[in-house]
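This is what each chain is made of:
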Amino acid sequence: MCSISFINLISISLTCFLLSLYYLLNNMVYFIEWEVVSLNSMSIVMTFLFDWMSLLFMSFVLMIASLVIFYSKEYMESDENINRFIMLVLMFVLSMMLLIISPNLVSILLGWDGLGLVSYCLVIYFQNIKSYNAGMLTALSNRIGDVALLLAIAWMLNYGSWNYIFYLEVMQNEFSMLMIGSLVMLAAMTKSAQIPFSSWLPAAMAAPTPVSALVHSSTLVTAGVYLLIRFNIVLSTSWLGQLLLLLSGLTMFMAGLGANFEFDLKKIIALSTLSQLGLMMSILSMGFYKLAMFHLLTHALFKALLFMCAGAIIHNMNNSQDIRLMGGLSIHMPLTSACFNVSNLALCGMPFLAGFYSKDMILEIVSISNINMFSFFLYFFSTGLTVSYSFRLVYYSMTGDLNCGSLNMLNDESWVMLRGMLGLLFMSIIGGSMLNWLIFPFPYMICLPGYLKMLTLFVCIVGGLFGYLISISNLYSLNKSLLNYNLTLFLGSMWFMPYISTYSMIFYPLIYGQLVVKSFDQGWSEYFGGQHLYYKLSNYSKTLFLMHNNSLKIYLMLFVFWIMILFSFLLFL
């Protein structure tokens, strides 16, 4: 089943890619209406929107999905239910397709809910209490967005149809469109894990690694960004854009800080994803939707590769995810380490890899834009933090000696997994340059003063140096003494967001629930209900029992009365 799915998905992906090129060159958009049911004067119409954006995103999703399925063939080979896993991944891809090509809020909701449901099933795939908790947090966080989308659909009853694409331009200054825009923004923030809904993304790392590579790095989490790219007119013409810029900038900053304190390999990469989602959202909120789309596509390539490499490492480390137990992997697993380092450098914005073209252009556009000092600081400091945690990760995993025990079974001969990774490696190297030539019809010439032009490079070098210095074992005790324990706890646990999303939500409901149980269920209702009845009946029984025990005459008399009553009853019948 893996091979069939891989061949089908990769061929559809290539078709979509070629179509997107054709649409881009000819500046075409196809709007297709399919009449599903027509009954008397009522017709149910399904609409699809095909333009370069939807087709290009679709081709990337399908390509990553095909390679992830190919990779899963070896990664999940010990799983007896691998076909069920592949079916779940294919259902996820189908939901994603529906979401991408829908210009209609109702059909978007179908895809959106499909994503949420399949994501929940994949997070709880390995059945243990940690997975269940993570799945519940994921599902409930995303329900908020689903409800917001349902409210947006209800609000669109004010208009003639649910095809939002018709009304965005015309009604952009109306209160109704502002209301719909704010609800859609709330939905996108839950799906793309922006503050205050950030805690579910690192928790969702309980899923199998191929799922993390496809769902929680490149596709599901970018669905919110994609939806806002479609709604970008509402953002740029109202205060919603300013609010989103603040929240996404803080998300980017918070995730970058958190990743520098984390020791779980998959959680570091999850926080890295969160940081990049913040970057996409913040540049989108400033009105540069093409740049957001560009970074979304390049990020999908190198982040899926990063997760695949992490999966191969975890697989070889006997399912251990702690980076402190790793070390010297570049000697034992050279090819995997090469892929890992290329994707990490692409994430940092190493010149001429995929991430460089989008990140460099975003930061230069930010430098030239009219934004305040705080947002400017968040952009550049978060970029420095990205390089910092990437270098820290490389220091812990690639250099030194292996820390997990004298006997190790490390090898680099997982050929099926490696082939899947090499496909994405190729795209992570050339993808940025290719998309740069395709999406922008002419090269951007951004003229800046020398110090601003060099600021990005300076921030990256300083960030890398900082990441290396905080990781060196000899300086580790010094670093710990420099930072207060409480401050480290605060920064390392995503500003206490996981606790705020879980304990604070259930603390008072549980206390009130306990009071209700104590006062009602186990209190008055017991006194007037079951327990009281039981108490009275047992007392009557005891009295009768005493009478029967102590007096044979009374017992026989009652027996006679009972027989007489029975006979009279039978006579009347």
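Analysis parameters
Residues numbered from 1 in each chain as written. Predicted model: local features only at pLDDT ≥ 70, side-chain atom pairs only at ≥ 80, totals over all residues. Heavy atoms only, no water. UniProt positions renumbered as here; feature names shortened; annotations may be inferred. Helix = DSSP H or I, 4+ residues; strand = E, 2+ residues; numbered from the N terminus. Salt bridge = Lys/Arg side-chain N within 4 Å of Asp/Glu carboxyl O. Buried < 20%, exposed > 50% of the residue type's maximum accessible area, 1.4 Å probe, protein only. Axes fitted to C-alpha atoms, helices over the stretch in contact; angles between N-to-C directions. Parallel < 35°, antiparallel > 145°, perpendicular 65-115°, else oblique. Left-handed = near helix turned anticlockwise from the far one by under 90°. Contact = heavy atoms within 4.5 Å. Core = buried A, V, L, I, M, F, W, Y, C linked by side-chain atoms within 4.5 Å. Domains from an automatic or database assignment.

- Labelled according to an unreviewed UniProt entry, the protein chain appears under the name NADH-ubiquinone oxidoreductase chain 5, originating from Drosophila santomea.
- Under the UniProt heading Catalytic activity (unreviewed entry), the note attached to the protein chain is "a ubiquinone + NADH + 5 H(+)(in) = a ubiquinol + NAD(+) + 4 H(+)(out)".
- The Sequence similarities (unreviewed entry) comment attached to the protein chain in UniProt states, word for word, "Belongs to the complex I subunit 5 family."

## Things to note about the UniProt feature "domain: NADH:quinone oxidoreductase/Mrp antiporter transmembrane" (unreviewed entry) in the protein chain
Phase 1: Those residues carrying the UniProt feature "domain: NADH:quinone oxidoreductase/Mrp antiporter transmembrane" (unreviewed entry) are residues 102-385 in this numbering.
Phase 2: In this annotation, residues 102-385 is assigned 74% helix and 0% strand; the end-to-end C-alpha distance for the span is 36 Å.

## Let's talk about the pattern of salt bridges
Phase 1: Overall, the coordinates contain five salt bridges when judged by the stated rule.
Phase 2: One salt bridge in this structure joins arginine 230 and aspartate 51, with 3.0 Å as the shortest N-O distance. In this pair, arginine 230 is assigned in helix H10 (residues 223-230) and aspartate 51 in the loop between strand S2 (42-50) and helix H2 (52-75), connecting sequence segments 179 residues apart.
Phase 3: Residue classification places arginine 230 among the buried positions, given a relative accessible area of 12%.
Phase 4: Judged by its relative accessible area of 9%, aspartate 51 is buried.

## Focus on the packing of helix H16 (residues 334-348) against helix H19 (residues 415-439)
Phase 1: Relative to each other, H16 and H19 sit at 30°, their axes nearing to 10 Å. In terms of axis orientation, H16 runs roughly parallel to H19. Considering only the axes of H16 and H19, their crossing is left-handed. For the pair formed by H16 and H19, the contact residues are Leu335, Thr336, Cys339 and Val342 on the first element and Trp415, Leu418, Met421, Leu422, Leu425 and Ile429 on the second.

## Considerations on the nonpolar core
Phase 1: With 183 residues, the main nonpolar core has Met96, Leu265 and Tyr379 as its most contacted residues.
Phase 2: If one sorts the elements of this core by residue count, helix H14 (residues 289-316) sits on top with 19 residues.
Phase 3: Inspection of this core shows a minimum of three residues originating in each of domain 1 (1-472) and domain 2 (485-522).
Phase 4: When sequence neighbours within four positions are dropped, the list of residues in contact with leucine 265 reads Ala310, Ile313, Ile314, Gln321, Ile323, Met326, Phe340 and Leu393.

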